Amino acid sequence: EADVVAKQAPALALADVERQYVDWLSSPSASSGKDSFHAIHDGEEAPLCYLGGCDVRASALVEAGITHILSLVSPRRGQRPAASSEGDHGGAPFDRLVIEIEDDFDADLPSVLPQALAFLDQAAAGGDRKRCCLVHCELGRSRSASVVIAWLLQRRARRGQRASLLECWAAV
């Protein structure tokens, strides 16, 4: 009896990342700004989550099917959770987790990962309805991207998939 080996895509090498980096930076489907967000797929057809900035409109989040918002904000810098200043949330209130963390290169991100990853797991659990989470910081490029990468690594490891930092970074 032959052993069945699960097929996995070839490993992404650093040279691949370096070649594709410029394209990834300029791709509108993989970029975020203060008032925008984009889907994270990581090989899945439907988005696993969304990554974006703090000034996205609640109506755009509702239209995208977002039900949860994970905010990584620095009150000291005047950052606020996405869709928090609008009174109308399109009839669908969001489940929220707001984590106050400084927008600095030496912010203590590891200390907030357990809580953030658990919230993402809860949002992705689905149940009877489709649920999806927006993860954001100010621009959707550092704190929030780091949390999404950590979640993708954890998710892949739990599923018995290769937990490659480069591949998870490429998905973001």
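My aim in this report is to walk through the structure given alongside it, one point at a time. Predicted, not measured: the structure shown is a model, and the values here were computed from it.

1. Description of the pattern of salt bridges
Part 1 of the reasoning: Overall, the coordinates contain 11 salt bridges when judged by the stated rule.
Part 2 of the reasoning: One salt bridge in this structure joins Arg-159 and Glu-44, with 3.8 Å as the shortest N-O distance. With Arg-159 in the loop between helix H4 (143-158) and helix H5 (165-171) and Glu-44 in the loop between strand E1 (37-40) and strand E2 (49-52), this residue pair connects regions lying 115 residues apart in the sequence.
Part 3 of the reasoning: Given the relative accessible area of 32%, Glu-44 is considered partly exposed.
Part 4 of the reasoning: Salt bridges sharing partners connect three or more residues here, namely Asp-42, Arg-156, Arg-162 and Glu-167.

2. Overview of the nonpolar core
The nonpolar side chains of a soluble globular protein tend to be buried with one another.
Part 1 of the reasoning: Ranked by internal contacts, the top residues of the largest apolar core, which has 28 residues, are Leu-70 and Val-147.
Part 2 of the reasoning: Mapped onto this core, the elements with two or more residues apiece are E2, strand E3 (68-73), strand E4 (95-100), helix H3 (109-124), strand E5 (133-136) and H4.
Part 3 of the reasoning: When sequence neighbours within four positions are dropped, the list of residues in contact with Leu-70 reads Leu-97, Ile-99, Ala-116, Phe-119, Leu-120, Cys-133, Leu-134, Val-135, His-136 and Val-147.
Part 4 of the reasoning: Counting residues in hydrophobic clusters, the runner-up holds 11 residues, among them Ala-83, Phe-94, Cys-132 and Leu-134.

3. Looking at the sheet that holds E3
Part 1 of the reasoning: Strands sit in the order E1-E2-E5-E3-E4 across an open sheet of five strands; the sheet is mixed. In the strand order of this sheet, the two ends are held by E1 and E4, each with one partner. The mean inter-strand angle of the sheet, taken between neighbouring strand axes irrespective of direction, is 20 degrees.
Part 2 of the reasoning: Seen against the sheet, H4 touches E1, E2, E3 and E5 and runs at an angle of roughly 155 degrees to E2.

What counts and what doesn't
Residues numbered from 1 in each chain as written. Predicted model: local features only at pLDDT ≥ 70, side-chain atom pairs only at ≥ 80, totals over all residues. Heavy atoms only, no water. Salt bridge = Lys/Arg side-chain N within 4 Å of Asp/Glu carboxyl O. Helix = DSSP H or I, 4+ residues; strand = E, 2+ residues; numbered from the N terminus. Buried < 20%, exposed > 50% of the residue type's maximum accessible area, 1.4 Å probe, protein only. Core = buried A, V, L, I, M, F, W, Y, C linked by side-chain atoms within 4.5 Å. Contact = heavy atoms within 4.5 Å. Pairing = 2+ DSSP bridges. Axes fitted to C-alpha atoms, helices over the stretch in contact; angles between N-to-C directions.

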